[in-house]
Amino acid sequence: MIPHVVWVAAGGALGAAARYGVNVWSGRLLGTEFPWHTLLVNVLGCFLMGLLTAAMALRLHLPQEMRLFLTTGILGGFTTFSAFSLDFAMLFERKSHLAAGAYAAASMLLPVAAMFLGLHLARSLLQ
């Protein structure tokens, strides 16, 4: 039996390659002045995560390996925003509105703050 991590890794490789394809395609079609590529993969990835998650819950009775391959693997490699969006949606649907709001705020603010901290630290140490 193939370990779950292999299924995730294989899907991740496909998702990352698809993301690269969208980056190249959108850059050629829409230009690179605005991050269209990131917006496109996030919107498409979230749509597909919602579609797949609901389909798997309602009709597609797939084995755990296939679920991991499709969601954590392909969509996780395509966009991690889809995982965030699914987590938020699950909290919200469970009526944990305060937790969902806190999670959304923290997920948007903390990574951006960490980005600036990393930029500042690297510039301080390397200049």
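Cut-offs applied
Residues numbered from 1 in each chain as written. Predicted model: local features only at pLDDT ≥ 70, side-chain atom pairs only at ≥ 80, totals over all residues. Heavy atoms only, no water. Helix = DSSP H or I, 4+ residues; strand = E, 2+ residues; numbered from the N terminus. Buried < 20%, exposed > 50% of the residue type's maximum accessible area, 1.4 Å probe, protein only. Contact = heavy atoms within 4.5 Å. Areas by Shrake-Rupley, 256 points an atom, 1.4 Å probe, with all protein chains shown as cover. Expected span 1.5 Å × (residues − 1). Axes fitted to C-alpha atoms, helices over the stretch in contact; angles between N-to-C directions. Left-handed = near helix turned anticlockwise from the far one by under 90°. Nonpolar A, V, L, I, M, F, W, Y, C, P; charged D, E, K, R; others polar. pLDDT = per-residue confidence, 0-100. Polar contact = N/O pair within 3.5 Å; in protein donor to acceptor, adjacent residues only side chain to side chain. Phe/Tyr/Trp six-rings, centres within 6.5 Å; stacked < 30°, edge-to-face > 60°.

Asker: I tried to follow the overall build of the protein chain on my own but got confused; where do I start?
Answerer: Looking only at helices and strands, the protein chain features 5 helices and 0 strands. For the protein chain, the N- to C-terminal ordering of α and β elements is α-α-α-α-α. Dimensions of the protein chain along its principal axes, counting C-alpha atoms only, are 55 × 40 × 35 Å. Within the span of the protein chain, comprising 127 residues, buried residues form 18% of the whole. Partitioning the intrachain contacts of the protein chain with sequence separation of at least 6 by distance along the chain shows that 58% fall at a separation of at least 24. Surface summary for the protein chain: the accessible area is close to 8,800 Å², and the carbon and sulfur share equals 74%.

Asker: So what exactly am I meant to see when it comes to helix α1 (residues 4–30) here?
Answerer: Helical geometry: 3.6 residues make up each α-helical turn, so side chains three or four residues apart lie on a common side. The first and last C-alpha atoms of α1 sit 38 Å apart over 27 residues, in line with the 39 Å expected at 1.5 Å per residue. Within α1, the full set of buried residues consists of G11, G12, G15, V22 and S26. Here the buried face of α1 lies against α2 (36–58) and α3 (64–78). Where α1 ends, the next residue or the one after it, G31, has phi of about 90°, a positive value.

Asker: Please explain the packing of α1 against α3 as it appears in this structure.
Answerer: Each packed pair of helices is defined by two parameters, the angle between the axes and the distance between the axes. Contact pair α1 / α3: the axes reach a minimum separation of 6 Å and the direction vectors enclose 35°. Our pair here, α1 against α3, has a crossing hand that is right-handed. Residue-level inspection shows H4, W7, V8, A10, G11, G12, L14, G15, A16, A18, R19 and V22 of α1 in contact with α3, the latter providing Q64, E65, L68, F69, T72, G73, I74, G77 and F78. Looking at side-chain class alone, the contact of α1 with α3 contains 11 nonpolar, 8 polar and 2 charged residues.

Asker: Whenever I open this one, the confidence of the model for the protein chain confuses me. Can you help?
Answerer: Here the protein chain averages 93 in pLDDT, and 100% of its residues register 70 or above. Mean pLDDT across the elements of the protein chain ranges from a minimum in helix α4 (residues 81–93), with 91, to a maximum in α1, with 97.

Asker: In this structure, what is going on with the side chain of S82? I would like to understand it.
Answerer: The topology assignment puts S82 in helix α4. At 2.8 Å, the side chain of S82 and the backbone oxygen of T79 are in polar contact. Ignoring anything within four residues of it in the chain, the contact list for S82 reads G45, C46, M49 and L75.

Asker: Just to check I follow, could you spell out the packing of aromatic side chains for this structure?
Answerer: The geometry of an aromatic ring pair is captured by the separation of the ring centres together with the interplanar angle, meaning the angle of the planes. Enumeration over the complete set of coordinates arrives at 5 aromatic pairs. Ring geometry for F81 versus F84: centroids 5.1 Å apart, planes at 50°, classification tilted. A residue pair is termed a helical-turn pair when its members lie 3 or 4 positions apart in one helix, as F81 and F84 do in helix α4 at 3 residues. Taking relative accessible area as the criterion, F84 reaches 14% and is therefore assigned buried. Taken together, the ring pairs in this structure connect F81, F84 and Y103 into an aromatic cluster.

Asker: Please clarify how unusual backbone geometry should be interpreted in this entry.
Answerer: Glycine aside, negative phi is the norm for most residues, and most peptide bonds take the trans geometry. The backbone phi angle of K95 is positive, close to 70°, even though this residue is not glycine. In this fold, K95 is placed in the loop between α4 and α5 (97–126). Since its relative accessible area comes to 65%, K95 is described here as exposed.

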